[in-house]
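Survey of secondary and tertiary structure
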Amino acid sequence: WLSYEDHECTWHGITCDEEERVTGIDLSTNGLTGSFPPEVGNLKSTLTHLDISHNVIKNDNEDLSWLEDVCELTHLDIHSNSLKFDGIPTYIGGLTKLQHLDVSYCLFSGPLEGSTFSNLSDLRHLEMGGNTYNSP
């Protein structure tokens, strides 16, 4: 990834369209640690698939609002990470093209806001178990 000679479309886990724009990032079970770079939000007009599941990604109480920037996402899988959050980030509700959402085993806890899901009419697959929710 650090070589400037290779185009990012040739990198492991990266999928591009015919115009060589990044449309997918699949770094699941890749041994990633630390925080995930919010700069992924710069791919907001092209990124449709993001899978960073089964890593040790932490948000260290940082905001996950970069998720709302990638508004073309149809597939978001962040399960089995150490992403602490109170409930499910409400800005996920702004990802209106989502068809697949997996936030299971992310250390999410607290109340759930029903409005988070109200605009996700294309959602076909939802996994959110293994967290500690306590909605009234």
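Residues numbered from 1 in each chain as written. Predicted model: local features only at pLDDT ≥ 70, side-chain atom pairs only at ≥ 80, totals over all residues. Heavy atoms only, no water.

Section: unusual backbone geometry
Condition: Helix numbers and strand numbers start at the N terminus; a helix is a DSSP run of H or I with at least 4 residues, a strand a run of E with at least 2.
If you check the backbone angles, Thr 29 has positive phi at about 50° while not being a glycine. Relative to the helices and strands, Thr 29 resides in the loop between strand E2 (22-26) and strand E3 (33-34). Phi is positive for His 54, close to 55°, though the residue is something other than glycine. Relative to the elements of secondary structure, His 54 occurs in the loop between strand E4 (49-51) and strand E5 (56-57).

Some points on the packing of aromatic side chains
Defined as follows: Pairing of aromatic rings covers Phe, Tyr and the six-membered ring of Trp, with a centre-to-centre limit of 6.5 Å; geometry is then stacked below 30 degrees between planes, edge-to-face above 60, and tilted otherwise. Accessibility here uses a 1.4 Å probe with only protein chains present; expressed as a share of the type maximum, an area under 20% marks a residue as buried, one over 50% as exposed, and anything in between as partly exposed.
Tallying each qualifying case throughout the model produces three aromatic pairs. Ring centres of Phe 85 and Tyr 91 lie 6.1 Å apart, and the angle between their planes is 75°; on these two criteria the pair is classed as edge-to-face. A relative accessible area of 23% means that Phe 85 is categorised as partly exposed. Given the relative accessible area of 13%, Tyr 91 is considered buried. On the numbers, 6.2 Å between centres and 65° between planes, the contact of Phe 85 with Phe 108 is edge-to-face. Placement of Phe 85 in strand E7 (residues 85-86) and of Phe 108 in strand E9 (residues 108-110) is noted, with a sequence separation of 23 residues between them. By relative accessible area, Phe 108 is classed as buried at 1%. Here the aromatic residues Phe 85, Tyr 91 and Phe 108 are joined through ring pairs into a cluster of three or more.

So, the sheet that holds E9
Stated formally: At least two DSSP bridges between two strands are needed for those strands to be called paired.
The parallel open sheet is built from three strands, whose spatial order is E7-E9-E11. In the strand order of this sheet, the two ends are held by E7 and strand E11 (132-133), each with one partner. Pairing geometry for E7 and E9, over two bridges, is parallel. Its bridge partner lying in E9, Asp 86 is registered against Ser 109.

Topic: the confidence of the model for the protein chain
It should be kept in mind that the predicted coordinates are not to be read in detail where pLDDT is low. Under the convention used in this document: Per residue, pLDDT measures the predictor's confidence, with a range of 0 to 100.
The pLDDT averaged across the protein chain works out to 90; a share of 93% of its residues lies at or above 70. The lowest-confidence element of the protein chain is E7, averaging 86 in pLDDT; the highest-confidence one is E2, averaging 98.

A look at the sheet that holds strand E8 (residues 100-102)
Stated formally: Structural elements are reduced to axes, namely lines fitted to C-alpha atoms, with helices fitted over the stretch in contact, and the angle between N-to-C directions of any two is expressed from 0 to 180 degrees.
Taken in spatial order, the six strands of this open sheet run E1-E2-E4-E6-E8-E10, and their pairing is mixed. Looking at the sheet topology across the chains shown, the edges are occupied by strand E1 (14-16) and strand E10 (125-127). Strand-to-strand twist across the sheet, computed as the mean angle between neighbouring axes with direction ignored, equals 10°. Summarising the sheet, E2 and E4 pair through three bridges and their orientation is parallel. Counterpart to Asp 26 in the pairing with E4 is Asp 51.

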